[in-house]
Amino acid sequence: MDHIVEVRNLRKDFGDTTAVKDISFSVKRGEIFGLLGPNGAGKTTTIHMMLGLTRPSQGHIKIFGQDLEQHRVEILERCNFASAYVYLPWNLKVWENLYIFAEIYGVNKPKERIEYLLDLFEITKLKGHITGTLSAGEQTRLNLCKAFLNEPEVLLLDEPTASLDPDLADKVRKILRQLQKEKSITVINTSHNMLDVTELCDRIVFVHNGELIAEGKADELMERFGGASLEEVFITIARGGHLEGATK
Amino acid sequence: MNWRRVRALLLKFAFICSRNTFRAMDVFFWPMMDLLVWGFLTVYMLRMGNTVPGAITFLIGSVIMWNVLYRAQQVISVAFLDDVWSRNLLNIFAGPVRVREYIAATYITGLIQSTIVILFLSAAAAVFYSFNILVLGIPLAALFINLLLMGWWLGLLTTGIIVRFGPPAEALAWAIPFLVQPVSAVFYPVSILPPWLQPVAKIIPSSYVFEGMRQIIEHKTFDGNSLFISFGLNVVFMIMAALVFRYYFEEARTKGLLAKYGT
Ligand SMILES: Nc1ncnc2c1ncn2[C@@H]1O[C@H](COP(=O)(O)OP(=O)(O)OP(=O)(O)O)[C@@H](O)[C@H]1O
Ligand SMILES: [Mg+2]
C-alpha cells in the first residue's frame, strides 16, 4: 500500500454554500503535502473532514487503507492535528495540557515524551506556566508539541506556523523535515506562508472555490504559471488568471 | 471503552475546577445558599407553630435532594461548555476519543459532584437545622441513584441541544432543571398539581423520588414499588436522551458545527 491517505471526490455543502466541490488526492508515506489556496477555498473544511469532525456530503476518505467513517478512532490514534485557531484549555499549565493529551493518545512514557518535545520546540521554561498566559507564538509551539505527542504517522496541520516569527518558523520547518527523514512521517498542511510551502512541501495542490486546479512541486508550478515566486503564482491563480496552465 | 482516555478527560476537568474558584462555588456556595433559604423558611414556619414538625422538615430534605439532581445535570453540560469556551473541542474530537468515552467522563464527574453535594449539605443541615438525612435510612441510596440517573440523562439532553443549537442555547445548562422542577413534586405533593398536570408528573422520575422521601419522613413508610417505576422511567428516558444526543451530534457534524463552535 503506497498511498497512506486517499481522498476521493470529496464534497461538502453547507446549505447553499459549497465549501468543497470535488477534491481528490492521494498522499504517500513520508510525503509533505501542501494545500494552498485563497481564503474560503475549502482547505480547513477538507482538513476537518479528514479528521472526522465534519461529515462529507459526498466522497470517501481512506487513511492507512481504512475508511474514516468506520474506523475513526483506530485511524485517529495514529494521526494528530494542530491548528493556529484551536487551543488547549487556557487555565491549565502547559505540562498538564500535554499530559492529558498524552493520556488521550495512549502515549508510552508520557513524561519523557513531553520533556523531549518541550525541549525540541524550545519551550521547556514554560512548562509550569498557565497556558492562557503564553504568547501567540508560544501557544503555536505548544500546539505543535501536542501534535507530536503520539509520534503520528499522519500529521494534519492547519496554518501551523501562522504566528511564528521567521526564526521559529524556520526551526519548525527543520523539525518537520527531520521527522520526515527519520520517521517517514506524512504531513498534510495548509499555509498562507509561501516560504513554508516552498521550502517544506514535496507536492502542492492549489484549491480554489472548493476544487483542485493545479498540482505539482513549487518550482513546477512557478514554471507552469510563469511566476517568479510561489507568491506570484498564488496571486495569478487566486485572481483566476492563466488557468489554462493548470493540469488537473 | 478506553478507560485511560476517560481518566484523562476526568483529570482535565479536575484541573480546570482546581483553578477556578467559581466552580467550587457551584458545588459548595450556591447549594448552601439554597439550603439556608429553605432552612430558614422551615424554622419560620415551625415558629408560627401551626404545623407538625414532620410535615415541614421535609423541605430541608427536598432542597438537599434537588441539589443532587441539579448538580449532576449541570456539570455534564458545563464540562462540554468548558471545551467549547476554551476552543479545545476540536483537539478532543480530532483525537481518538469516542463520544461514549466523553460522556462517561462527564457522568463520572456528575456522580462525584452530586456525592460531594449530598455529603456537604447533609452535614450543614445537621449542624444548622438539626436535620438528620439518615432518617431516610437504606432507601436514601435508591433515592440518590434515581436522582443521579435523571441528572445524567437531563444533562445529556441539554448538551445535545447545545451541540446542535450552539451558543444561544448555552443558558439551558442552568435553566433546563427548572423546566422539570414544577412537576418533580420537590416541595409539594403531586396531588397539589392541577389534574391535567398530574399525568405529566407521573412520567417524571424525580416526582417518585420526592414523594417517596416525604412519605418516609412524614409516615415512616416506604413504597419500594414507586422507586422501581422511577428507575424504569429513568432507563427509558436515558435511552431516549442518548438517541436524541446522537442525532444532534451527527447533525452537528453534518452542518460543520463542531468546527464552528470549536474555533
Ligand atoms: N460550518 C459552516 N457552515 C457554513 N459555511 C461554512 C462552514 N464552514 C465553512 N464554511 C464556508 O465554506 C467555505 C470554505 O471555508 P474554509 O474554512 O474551508 O476555507 P479555507 O480555505 O480554510 O479559508 P482560510 O484560508 O480563510 O482559512 C467558506 O466560504 C466558509 O464560509
Ligand atoms: Mg482555513
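Residues numbered from 1 in each chain as written. Chains lettered and ligands numbered in written order. Predicted model: local features only at pLDDT ≥ 70, side-chain atom pairs only at ≥ 80, totals over all residues. Heavy atoms only, no water.

Overall, the coordinates contain 21 aromatic pairs over all chains when judged by the stated rule. Relative to B:Phe120, the ring of B:Phe28 has its centre 5.0 Å away and its plane inclined at 90°; by these criteria the two rings are edge-to-face. Linking B:Phe28 in helix α2 (residues 21-48) with B:Phe120 in helix α5 (residues 99-129), this pair joins segments that are 92 residues apart in sequence. Residue classification places B:Phe28 among the partly exposed residues on the basis of a relative accessible area of 37%. When its relative accessible area of 28% is taken as the criterion, B:Phe120 is described as partly exposed. Geometrically, the ring pair formed by B:Phe165 and B:Tyr248 is edge-to-face, given 5.8 Å between the ring centres and 80° between the ring planes. Taken together, the residues span a long stretch of sequence, with B:Phe165 in helix α6 (residues 139-165) and B:Tyr248 in helix α10 (residues 224-254) at a distance of 83 residues. The exposure class of B:Phe165 is partly exposed, given its relative accessible area of 40%. Ring pairing ties together the aromatic residues B:Phe80, B:Phe93, B:Tyr102, B:Phe245 and B:Phe249, which thus form one cluster. In this structure, A:Arg78 is placed above the aromatic ring of A:Phe64, and the distance from its NZ or CZ to the ring centre is 3.7 Å. In this structure, A:Lys146 packs its charged tip against the face of A:Phe101, placed 5.6 Å from the ring centre. (Phe/Tyr/Trp six-rings, centres within 6.5 Å; stacked < 30°, edge-to-face > 60°. Helix = DSSP H or I, 4+ residues; strand = E, 2+ residues; numbered from the N terminus. Buried < 20%, exposed > 50% of the residue type's maximum accessible area, 1.4 Å probe, protein only. Lys NZ or Arg CZ within 6 Å of the ring centre and 35° of its normal.)

Taken together, 15 residues are adjacent to ligand 1, and A:Gly40, A:Lys43, A:Thr44, A:Thr45 and A:His192 come closest. Neighbouring residues of ligand 1 are not confined to a single chain but are spread across chains A and B. Here an oxygen atom of ligand 1 sits 2.9 Å away from a polar atom, N or O, in the side chain of A:Asn39. Compared with its free state, where it exposes 640 Å², ligand 1 has 68% of that area covered by protein. (Near = heavy atom within 4 Å. Polar contact = N/O pair within 3.5 Å; in protein donor to acceptor, adjacent residues only side chain to side chain. Areas by Shrake-Rupley, 256 points an atom, 1.4 Å probe, with all protein chains shown as cover.)

A separate point is the domain arrangement of chain A. All names here are of chain A. Domain annotation for chain A reports domain 1 (1-78 + 154-248) and domain 2 (87-151). A C-alpha centroid distance of 25 Å is found between domain 1 and domain 2. Counting residues at the interface gives 16 residues for domain 1, matched by 13 residues for domain 2. Contact between domain 1 and domain 2 buries roughly 1200 Å² in total, counting both sides, with carbon and sulfur atoms accounting for 67%. The three residues of domain 1 that bury the most area against domain 2 are Ser163, Leu168 and Ile175, which together make up 31% of that side's buried surface. Run the count over domain 1 and domain 2 and you get 2 salt bridges. The residue Lys171 makes a salt bridge to Glu122 at a minimum N-O spacing of 3.4 Å. (Domains from an automatic or database assignment. Contact = heavy atoms within 4.5 Å. Buried area = accessible area lost by both parts, 1.4 Å probe. Salt bridge = Lys/Arg side-chain N within 4 Å of Asp/Glu carboxyl O.)

What follows covers the environment of A:Asp119. Considering the arrangement of structural elements, one finds A:Asp119 in helix α4 (residues 110-120). Taking C-alpha positions, A:Asp119 is 9.6 Å from A:Cys145, a pair spaced 26 residues apart along the chain.

This part takes up the packing of helix α3 (residues 94-104) of chain A against helix α1 (residues 3-18) of chain B. Relative orientation of the contacting elements α3(A) and α1(B) amounts to 160°, with a least axis distance of 8 Å. Judged by the angle between their axes, α3(A) and α1(B) are roughly antiparallel. Crossing handedness for the pair α3(A) and α1(B): left-handed. Along the contact surface, α3(A) presents A:Glu96, A:Tyr99, A:Ile100, A:Ala102, A:Glu103 and A:Ile104, while α1(B) presents B:Arg4, B:Arg5, B:Arg7, B:Ala8, B:Leu9, B:Leu11, B:Lys12 and B:Phe15. (Axes fitted to C-alpha atoms, helices over the stretch in contact; angles between N-to-C directions. Parallel < 35°, antiparallel > 145°, perpendicular 65-115°, else oblique. Left-handed = near helix turned anticlockwise from the far one by under 90°.)

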